[in-house]
Amino acid sequence: MPPEIDSQQLARLRTLADAARLSISDERLAEIAPLAEILLDRFGAFAELDLDQVQPASNLRPPRPASG
Amino acid sequence: MSEPHDLTIREAATALRDGSLTAAALTDAVLARAAVTEPAINAYITLTADLARQQAANADEELRAGRDRGPLHGIPVALKDIIDTAGIPTTAGSDFLRDRVPQSDAFVTRKLYDAGAVLVGKLNLHEFAMSTTSINPHYGPVGNPWDPARVAGGSSGGSAAAVAAGSALATLGSDTGGSVRLPAALCGVVGLKPTYGRVGRSGVVMISWSLDHVGPLTRTVEDAALMLNAIAGYDPNDGGSAEDPAGDFTRDLGRGVEGLRIGIARKLFWSRCDPEIEAACEAAIDVLRGLGATVHEVDLPLLHGARRTPILAVEAAAYHSTWLRQHADRYGDDARSLLEAGALIPGTAYVQAQRLRTKVIDETRALFNTIDVLASPTSPVVAPTIEAGDPKFVLARYIMDFNVTAIPAISIPCGFSGNDLPISLMLGGRHFGESALLRAAHAYEQATDWHRRRPSL
C-alpha cells in the first residue's frame, strides 16, 4: 500500500514530474513524496538566506589548500 | 605473529622484507580467509584469485630482484565495485552494469598497481553507492563481520566488512554522503575521506560530481596514511582534482596532540545520539585531552540550513537520467526513490544549494582558524539488523556535512556496545589538512586497543 498523499501535494509533485519529463505513476509519486518533500523544503529555506554576491560551489574548484 | 590475514599493512610489509612471509603466502592466506568468511558476510561481488596469485608472484620476484615499490608492495587489497579495473567486471552493484568489463583502470586502481598492491577482488556495496546499508537487491546484503545478521553500513559495506573480516588487508571505498566512514564505523575499522580533490576519481562510477570522494578503509590509522600516500595526487581526467602536492602522510604521525584544539559541535554532530555511543565518544575525547589536547564548544550556524541538501539527489538523477526514464524498474527501491526524488527538484533549488554551500565552506574554513579538529560520533546508533535496515537514514545523521564542506574526516574505533558492536569516533580536519587529522587519530589509536579486536567469524 502506498502511503497516503493529499491531492494538493500530489498535484504539485505531478507538475514537477511533468516538468522533468519523468514518467511516473501516482503510486510512485506517493512513495517518494516524503523524500521529495524533504529535498524541496530546502528551496523555502534558501529563499530566506542572504546569498548576494555568492557564487555556487563547483566541482571544478576544490577548496583552497590550507596555508601553513 | 598474528595470522597473515590479520596483519596490518605495516606489519605485512615488514614481514615481506625480513623474509618471514612472501606475498604469495600472504595472498593465499587472504584468499583462504575469504573462502571462510564470504558465506556469512558476502563482501565480494568478484574474487580475482588467479590475478592476485599472479600479481603476488610478480611482487615476490621483484623484491628478490631488489625492486621495492614501497609499503604496499605485495599487499592484498580490494576495491569497491564502482572503481574500474581493466578486464575485470565493475558492476556498481547494479543490474544495469552486471556484464560491464572496463577497458581501462581507474586512476586509483593504476596508482595501487604502481605501488605493487595485489588485487584480491571487487567489493559489494549499496546499489550504485546510493544509501547507507549495503542491502543490495541484486547481489545480496553485506553482513557485518561482528554479527552477520546486521548491516555492514554503506555504501562501501563490502570494503569495510572485508577489512574487518581479514579477507583484504586494506580496501578502497567511495564517500558521497559518508559511505567510507559509516561502514568503517559499523564494522570497527578505520575509514578516511580525504579532502575533496585530494584523490582523483576518473574511472569511478559517479553519484555526485561535487560530493564524491575516494578513500581507504584499513585496520590502523598508519595504514590509512600509507594508502593515501599511494592514491593521492592530481588526476588530469577529473575536473574536481586538486593540484596540491600530496607529500608523505605518515611523516607527522608520531608528533602527538599536545596543544591540539578539538572542537565539539554538539547541536550538529551529537544530537539524538544513543547514550552508549555518546559516552564512548566522550571517553575518547577525554583520552585525547589526557594526551594534551584542549576541547572547545563550537558551532557552524550556516551548516544547519544546508542539511538534507538536494545536491546529491539532483546530481545522481542527472547522471542516471537516461536509465531512469527508460528502465526505472531495473533499479532497487532505494536507488530508484532517490533518483526519482532528485529528478523533481527545480534547477533553481540546486543552484541555491550550491551557493549556500559556498558560504558553508567559507564558514568551515573560518572555524578551523580556531580549532584543529572537529570530534563527534560517526554514527548515532550501532549497526541495525538487515531486517530493520535504515529507512529513515538515521545512520547518515552526522556524516554528510563533511562532504558538503569538503573537509577531510576519519572514523576510528573507540569502543563496543553492550552487545559487542563497534562504536567509532569521527574527526574532521581543515581542507588539505590530512596530516594533522591523521596525527590526532593515530595518537588516540596508540593510547587505546580497540583497533586490535577482531570479529570471531
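The text that follows walks through the structure, step by step, so that each part is easy to find.

The rules behind each value
Residues numbered from 1 in each chain as written. Chains lettered and ligands numbered in written order. Predicted model: local features only at pLDDT ≥ 70, side-chain atom pairs only at ≥ 80, totals over all residues. Heavy atoms only, no water. Contact = heavy atoms within 4.5 Å. Salt bridge = Lys/Arg side-chain N within 4 Å of Asp/Glu carboxyl O. Polar contact = N/O pair within 3.5 Å; in protein donor to acceptor, adjacent residues only side chain to side chain. Helix = DSSP H or I, 4+ residues; strand = E, 2+ residues; numbered from the N terminus. Nonpolar A, V, L, I, M, F, W, Y, C, P; charged D, E, K, R; others polar. Buried < 20%, exposed > 50% of the residue type's maximum accessible area, 1.4 Å probe, protein only. Pairing = 2+ DSSP bridges. Axes fitted to C-alpha atoms, helices over the stretch in contact; angles between N-to-C directions. 1 Å grid on protein atoms, 1.4 Å probe; cavity = no way out; pocket = protein on both sides within 12 Å on 5 of 7 lines; lining within 4 Å. Points joined across faces, edges and corners; volume = space filled by probe spheres on them. Parallel < 35°, antiparallel > 145°, perpendicular 65-115°, else oblique. Left-handed = near helix turned anticlockwise from the far one by under 90°. Right-handed = clockwise from strand over helix to strand, strands pointing away. Lys, Arg positive; Asp, Glu negative; His and termini not counted.

**A look at the interface of chain B and chain A**
Accessible area lost upon the coming together of the parts is a frequently used measure of interface size. With 46 residues of chain B in contact, the opposing surface of chain A contributes 35 residues. At the boundary of chain B and chain A, one finds 1 salt bridge. The salt bridge partner of Glu-340 of chain B is Arg-28 of chain A, with a shortest N-O separation of 2.7 Å. At the junction of chain B and chain A, the tally comes to 10 residue pairs in polar contact (both at pLDDT 80 or more). Among the secondary structure elements, those contributing two or more residues to the side of chain B that touches chain A are helix H10 (301-306), helix H12 (321-327), helix H13 (333-343) and helix H14 (347-367) of chain B. Here the side of chain B that touches chain A gets 13 residues from one element, more than from any other, and that element is H14 of chain B. When the residues that make up the side of chain B that touches chain A are grouped by side-chain class, the tally is 21 nonpolar, 13 polar and 12 charged.

**A word on the environment of Leu-217 of chain B**
Residue and element names in this part refer to chain B. Note that Leu-217 resides in strand E10 (residues 214-218). Taking the C-alpha atoms as reference points, Leu-217 and Ala-184, 33 residues apart in sequence, are found 6.7 Å from one another. Each residue touching Leu-217, except ones within four places of it in the same chain, is listed here: Ser-159, Ala-160, Val-163, Ala-170, Thr-171, Leu-172, Gly-173, Val-180, Ala-184, Val-190 and Gly-191.

**A short note on helix H7 (residues 221-231) of chain B**
Residue and element names in this part refer to chain B. The element H7 is extensively covered by neighbouring structure, given that 9 of its 11 residues are classed as buried. Buried residues of H7: Val-221, Asp-223, Ala-224, Ala-225, Leu-226, Met-227, Leu-228, Ala-230 and Ile-231, and no others. One or two residues past the end of H7 sits Gly-233, with phi positive at roughly 140 degrees.

**Here's the deal with the sheet that holds strand E12 (residues 294-297) of chain B**
All names here are of chain B. Spatially, the 11 strands line up as an open sheet ordered E1-E3-E2-E8-E10-E9-E14-E15-E13-E11-E12, and their pairing is mixed. On the outer flanks of this sheet lie strand E1 (44-47) and E12, each paired with one strand and no other. The average undirected angle you get between the axes of adjacent strands in this sheet is 30 degrees. Across 3 bridges, strand E9 (residues 190-193) lies against strand E14 (residues 409-416) in antiparallel orientation. The residue bridging Gly-191 from the neighbouring strand is Ser-411, located in E14. Along the sheet face, helix H16 (residues 434-446) touches E9, strand E13 (373-377), E14 and strand E15 (422-429) and points at about 10 degrees away from the line of E14.

**Thoughts on unusual backbone geometry**
Residues and elements named next belong to chain B. For the bond from Gly-154 to Ser-155, the omega torsion is 10 degrees, close enough to zero to count as cis. Assignment of secondary structure puts Ser-155 in the loop between strand E7 (147-151) and helix H5 (157-165). Even without a glycine there, the phi angle at Phe-393 is positive, about 55 degrees. Summarising the element assignment, Phe-393 is placed in the loop between E13 and helix H15 (401-404). Looking at Phe-393, the relative accessible area reads 39%, which means it is partly exposed. Despite not being glycine, Phe-432 shows a phi value in the positive range, around 60 degrees. Looking at the element boundaries, Phe-432 is found in the loop between E15 and H16.

**Considering the layout of surface pockets**
Unfilled space is identified by rolling a water-sized probe across the atoms. One number sums up the size of the largest pocket: a volume of about 1400 Å³. Lining the largest pocket are 48 residues, and of these Leu-35 of chain A together with Pro-391, Lys-392, Phe-393 and Ala-396 of chain B sit closest to its centre. Elements with a contribution of two residues or more to the lining of the largest pocket: helix H2 (26-47) of chain A together with H10, helix H11 (311-319), H13 and H15 of chain B. Sorting elements by how many residues they give to the lining of the largest pocket places H2 of chain A first, with 8 residues. Across the lining of the largest pocket, the residue classes tally to 22 nonpolar, 13 polar and 13 charged.

**Quick word on the pattern of salt bridges**
For the structure shown, the criterion picks out 30 salt bridges over all chains. Note that Arg-266 of chain B and Glu-282 of chain B form a salt bridge whose closest N and O atoms lie 2.9 Å from each other. Here the residue Arg-266 of chain B occupies a position in helix H8 (residues 266-269), and Glu-282 of chain B occupies one in helix H9 (residues 275-290), the gap between them amounting to 16 residues. The structure contains a network of salt bridges with shared partners spanning Arg-14, Asp-18 and Asp-26 of chain A.

**Observations regarding the packing of H11 of chain B against H14 of chain B**
All names here are of chain B. Interhelical geometry of H11 versus H14 gives an angle of 130 degrees and a closest axis separation of 10 Å. Considered as vectors, H11 and H14 are oriented oblique to each other. Every pair of crossing elements has a handedness; the one defined by H11 and H14 is left-handed. Listed contacts from H14 to Ile-311, Val-314 and Glu-315 of H11 are Tyr-350, Ala-353, Gln-354 and Arg-357. Looking at the contact of H11 with H14 residue by residue, the class counts come to 4 nonpolar, 1 polar and 2 charged.

**Section: the pairing of strand E3 (residues 118-123) of chain B**
Residue and element names in this part refer to chain B. The buried fraction of E3 amounts to 6 of the 6 residues, a majority that puts the element mostly inside the structure. Across 3 bridges, the pairing between E1 and E3 is antiparallel. Each bridged residue has a counterpart across the sheet, and for Tyr-44 the counterpart in E3 is Leu-123. Across 5 bridges, the pairing between strand E2 (residues 76-80) and E3 is parallel. Across the sheet, Leu-79 pairs through a bridge with Lys-122, a residue of E3. Crossover connection from E2 via helix H4 (residues 107-114) to parallel E3: handedness right-handed.

**Here we look at the side chain of Asp-235 of chain B**
All names here are of chain B. Structurally, Asp-235 is set in the loop between H7 and strand E11 (261-264). In this structure, Asp-235 is buried with no salt-bridge partner, the nearest side chain bearing the opposite charge being Arg-201 at 7.0 Å. A polar contact of 2.7 Å, which involves the side chain of Asp-235, links it to the side chain of Ser-202.

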